[in-house]
Amino acid sequence: MKVREKLSITPIVDFSTGKTLRDTSVTLGAIENNIGGAGTRLGGYAEYAERGPQFAIWISEHSYHPTRWMKEIEISYSGSDFRFDNSNSSWQRTRLGGLFELKTPYRYSSALRYEFVGIAYREHLTYAEGTALPKEGTFVGTMSELIWDRYSFNDLAPHGFKVTLELRPGALLGAAQPRFEARVESIFSAQLGSRTVLAGRATAEAVNSGNVNHSVLIGGQRGVRGLQDAFYRDQAQAFANLELRHAIPLAKRLYLQGVLFADGATFLPMNADGVPTKWLGAFAGGAGLRLIPTALVKTLLRVDGSRLVTPTGEWFVQFGIDQYF
């Protein structure tokens, strides 16, 4: 018997509209999943998001060996647009750097995972205008990630829950600025039928103030549908998304899924000087449709229509090729 290794390339494709054409997010890339026949993954993508270009390339050992530390190396570049109310300052922030990640061995019977990451990047400003411009420098830090995973993916009715805790201590060298970040995120899905599910996500995250380049971002593509994208740069924020999904079959391995949803958030934006302003709230509700070909994993056609109730009252329609969460 002859055995021939086949190519195992997985495409990376993502798309989501935002409040304006400039806020559209587009991602194209690919992953080769079996370099050298050892399950080592080599991947890369190019992306337009946060009104700027992004790219990354990485290589990682497979993470299914229970007695071995898994290693990953990544090099990345990101650009992000900054603008503010009541300020003449605006700029494009770029970061060029990389990371080295270690994932601990584990037991198949355990839901607990731990990951450690070393991070470094050079932070630079381009297209800068105004007087309140943050300092540039080189960031060096770490990330510790603790994951409790009892979530089972399914195109139509996933079930279970997953909780992730991230701690990111570090400093911007040259500017002598400490940088700390903490994040906790949970997702859950409860099956109400074979094709009906109540799905939710809740996230809370915070950073230290002083430099608005070190902030957490909320918007319509992650947070509350209809909220401005790449605009609210926060010291702290919390948001939750809840969706009731029900799918009906159209053809073999093709389903139409209707969704009712509600999004809510509270957040503390910073101004151009990196000073927190005041807490704001956001809430949106609406309905959507997804056309789901189950032959394609995590790929679908999505349209959501929402009514943003606060901080402004307006309608919003968003298109995408993946679930909102």
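Being a predicted model, the structure only gives us computed values, none of them experimental.

Caption draft 1: The pattern of salt bridges, seen in detail. This model, assessed by the stated rule, comprises 20 salt bridges. A salt bridge links Asp81 to Arg83; the shortest N-O distance between them is 3.8 Å. Note on accessibility: Asp81 and Arg83 belong to one class, buried. The partner of Glu115 in a salt bridge is Lys103, and the shortest N-O contact between them spans 3.8 Å. Pair noted here: Glu115 is in strand β7 (residues 112-129) and Lys103 is in strand β6 (residues 90-103), with a separation of 12 residues, a long-range link. Given the relative accessible area of 10%, Glu115 is considered buried.

Caption draft 2: Layout of the nonpolar core. Membership of the largest hydrophobic core is limited to 11 residues, which are Ile218, Val224, Leu227, Phe231, Tyr232, Phe239, Ala265, Phe267, Ala282, Ala284 and Leu308. Core analysis: the second largest hydrophobic core is formed by 10 residues, Trp91, Leu125, Val216 and Ala272 among them.

Caption draft 3: Inspection of the packing of aromatic side chains at higher detail. Tallied over the full model, the rule gives 7 aromatic pairs. Ring centres of Phe82 and Trp91 lie 5.5 Å apart, and the angle between their planes is 15 degrees; this geometry places the pair in the stacked category. Here the two residues Phe82 and Trp91 agree in accessibility, since each one is buried. Judged by centre distance (5.4 Å) and plane angle (45 degrees), the rings of Phe84 and Trp91 are tilted. One exposure class covers both Phe84 and Trp91, and it is buried. It is Arg225 that lies over the ring of Phe261; its NZ or CZ is 3.7 Å from the centre. Its guanidinium or amino end placed over the ring of Phe325, Arg245 lies 5.2 Å from that ring's centre, counting from NZ or CZ.

Caption draft 4: Here's a closer look at the environment of Gly220. Tracing the sequence through the fold places Gly220 in the loop between β12 (216-218) and β13 (232-251). The exposure class assigned to Gly220 is buried, which follows from its relative accessible area of 0%. With 98 residues separating them along the chain, Gly220 and Gln318 place their C-alpha atoms 8.7 Å apart. The residues touching Gly220, leaving out its near neighbours within four places in the chain, are Arg225, Gly226, Leu227, Gln228, Asp229, Gln318 and Tyr324.

Caption draft 5: Highlighting the side chain of Thr294. Structurally, the position occupied by Thr294 is in the loop between β15 (280-293) and β16 (301-310). Those residues in contact with Thr294 that sit more than four places away from it in its chain are Asp155, Arg253 and Tyr255.

Caption draft 6: Representation of the pairing of β15 in the model. Both strand β14 (residues 254-269) and β15 contribute to a ladder of 14 bridges, which runs antiparallel. Bridge pairing links Ala265 to Ala282 in β15. Bridge count for β15 against β16 is 9 bridges, and the pairing is antiparallel. When the sheet's bridge partners are listed, Phe283 is paired in β16 with Thr310.

Caption draft 7: View of the environment of Phe283. Structurally, Phe283 can be placed in strand β15. The exposure class assigned to Phe283 is partly exposed, which follows from its relative accessible area of 40%. The spacing of Phe283 and Pro311 is 28 residues in sequence and 7.7 Å in space, taken between C-alpha atoms.

Caption draft 8: Representation of the side chain of Ser306 in the model. Turning to its location among the elements, Ser306 is positioned in strand β16. Looking at Ser306, the relative accessible area reads 1%, which means it is buried. A polar contact of 3.4 Å, which involves the side chain of Ser306, links it to the backbone oxygen of Arg225. Those residues in contact with Ser306 that lie beyond four places of it in its chain are Arg225, Gly226, Phe261, Gly285, Gly286, Glu314, Trp315 and Phe316.

Caption draft 9: Just the environment of Gly98, in detail. When you line up the elements, Gly98 lands in strand β6. Along the primary structure Gly98 and Ile75 are separated by 23 residues, whereas in three dimensions their C-alpha atoms are 4.2 Å apart. Excluding anything up to four places from it in sequence, Gly98 contacts Glu74, Ile75, Gly118, Ile119 and Ala120.

Caption draft 10: Spotlight on the pairing of β16. Pairing geometry for β16 and strand β17 (residues 314-320), over 7 bridges, is antiparallel. Paired with Leu308 across the two strands is Glu314, which belongs to β17. Where β16 folds back onto β17 in an antiparallel hairpin, the turn is made up of 3 residues.

Caption draft 11: Looking closely at unusual backbone geometry. That bond from Thr310 to Pro311 is cis: its omega, 10 degrees, falls within 30 degrees of zero. Following the sequence through the fold, Pro311 ends up in the loop between β16 and β17. Positioned with a positive phi, Glu50 is a non-glycine residue whose angle comes to about 55 degrees. With respect to the helices and strands, Glu50 occurs in the loop between β3 (40-49) and β4 (52-60). Phi at Arg253 takes a positive value of approximately 65 degrees, unusual for a residue other than glycine.

Reading guide: rules and limits
Residues numbered from 1 in each chain as written. Predicted model: local features only at pLDDT ≥ 70, side-chain atom pairs only at ≥ 80, totals over all residues. Heavy atoms only, no water. Salt bridge = Lys/Arg side-chain N within 4 Å of Asp/Glu carboxyl O. Buried < 20%, exposed > 50% of the residue type's maximum accessible area, 1.4 Å probe, protein only. Helix = DSSP H or I, 4+ residues; strand = E, 2+ residues; numbered from the N terminus. Core = buried A, V, L, I, M, F, W, Y, C linked by side-chain atoms within 4.5 Å. Phe/Tyr/Trp six-rings, centres within 6.5 Å; stacked < 30°, edge-to-face > 60°. Lys NZ or Arg CZ within 6 Å of the ring centre and 35° of its normal. Contact = heavy atoms within 4.5 Å. Pairing = 2+ DSSP bridges. Polar contact = N/O pair within 3.5 Å; in protein donor to acceptor, adjacent residues only side chain to side chain.

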